[in-house]
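# Chain and residue survey
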Amino acid sequence: MKKLVLTLFGLIFLSHSMMAQFNEDPVINLENEDEPLLNWGYFLGFNQYDFKFDYKNDGNDILVDKSLGFNVGLIGEMRINEFLDVRFEPGLLYNSRTLGFPGFTEENEAIREVKSTYINFPVLLKVSTRRIGNWKPFLIGGASTSLNLGSNEDSLDDNSGGTFRMKKMVYNYELGFGIDFYLEYFKFTPSIRGVFAISDELVPDNDPNSPWTGNLDGMRTRGLFVNFTFE
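Notes on the structure in this doc start here. Everything numeric here is computed off the predicted structure, so don't read it as measured data.

Turning our eyes to something else, we now look at the pairing of strand S10 (residues 216-230). In terms of burial, S10 is a largely internal element, eleven of the 15 residues being buried. Relative to S10, strand S1 (residues 38-55) runs antiparallel, the two sharing 14 bridges. Looking across to S10, one finds that Tyr42 is bridged to Phe230. Sheet topology note: the strand S9 (residues 187-197)/S10 ladder contains nine bridges and is antiparallel.

When you line up the elements, Lys126 lands in strand S6 (residues 111-128). The class of Lys126 is buried, set by a relative accessible area of 2%. Sequence separation of Lys126 and Gly176 is 50 residues, and the distance between their C-alpha atoms is 9.5 Å. Contacts of Lys126, omitting those with residues within four sequence positions, involve Glu77, Phe83, Leu84, Asp85, Arg87, Phe138, Leu139, Ile140, Asp180 and Lys187. Within polar-contact distance, the side chain of Lys126 engages the side chain of Asp180 at 2.7 Å.

Here we come to the nonpolar core. Ranked by internal contacts, the top residues of the largest apolar core, which has 20 residues, are Phe51, Phe53, Leu99, Phe164, Met166 and Met219. When residues of this core are traced back to their parent elements, those giving at least two are S1, strand S5 (91-100), S6, S9 and S10. Judged by nonpolar contacts, the second largest core, of eight residues, contains Phe188, Ile192, Leu224 and Val226.

So, about the side chain of Glu77. Within the secondary structure, Glu77 sits in strand S3 (residues 68-79). One polar contact links Glu77 to Arg87, side chain to side chain, over a distance of 2.4 Å. Not counting residues up to four positions away in its chain, the partners in contact with Glu77 are Leu37, Leu38, Asn39, Asp85, Val86, Arg87, Lys126 and Glu231.

So, how was this worked out
Residues numbered from 1 in each chain as written. Predicted model: local features only at pLDDT ≥ 70, side-chain atom pairs only at ≥ 80, totals over all residues. Heavy atoms only, no water. Buried < 20%, exposed > 50% of the residue type's maximum accessible area, 1.4 Å probe, protein only. Helix = DSSP H or I, 4+ residues; strand = E, 2+ residues; numbered from the N terminus. Pairing = 2+ DSSP bridges. Contact = heavy atoms within 4.5 Å. Polar contact = N/O pair within 3.5 Å; in protein donor to acceptor, adjacent residues only side chain to side chain. Core = buried A, V, L, I, M, F, W, Y, C linked by side-chain atoms within 4.5 Å.

Here is the structure:
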């Protein structure tokens, strides 16, 4: 998580063109950029996913080894007024997590790699301040539905056969913040967003006393996105 935040702010403060936007009397770029009813763009970025586990009984926690993934997608924005916009940001998100289950002596039994490819469909409300020269901070939040192409939900094998299963459809809420930078030819926006699953994603093993999922009452994704938007 710290690496993601450092990456974001490093790109902001190392860019001479963006630093120039904070001058007291800047040359105003793209004066009418936010006037049209509809705006379009695309985003690239990074993600880091974790899990929140709910347990039936107290015991040793499942360990999650997180890694960096990537995001790519499109943006459609509808202007409501100077301060409010509704955004639709369909995207492809890839990530891999490694789970370490307690109580095993053999690594091939204790470790499960969870590779997830999500197609994400968020509908978001963007709340901005008044534009200050060539930059404009904002808050953003809303709901999303994700289709997990790597869920293994329909697999007949479970953890006893080496397959960790999750549900295909995931429902989330998302909250974040960012800054619009109005450059000479386009608007560039770095942002940070948290993603929190509402629905339970766990598909229990066939054996109700499974040493992998028998003590699990639920499992929900927690994620952090760092996106770079071009409009």
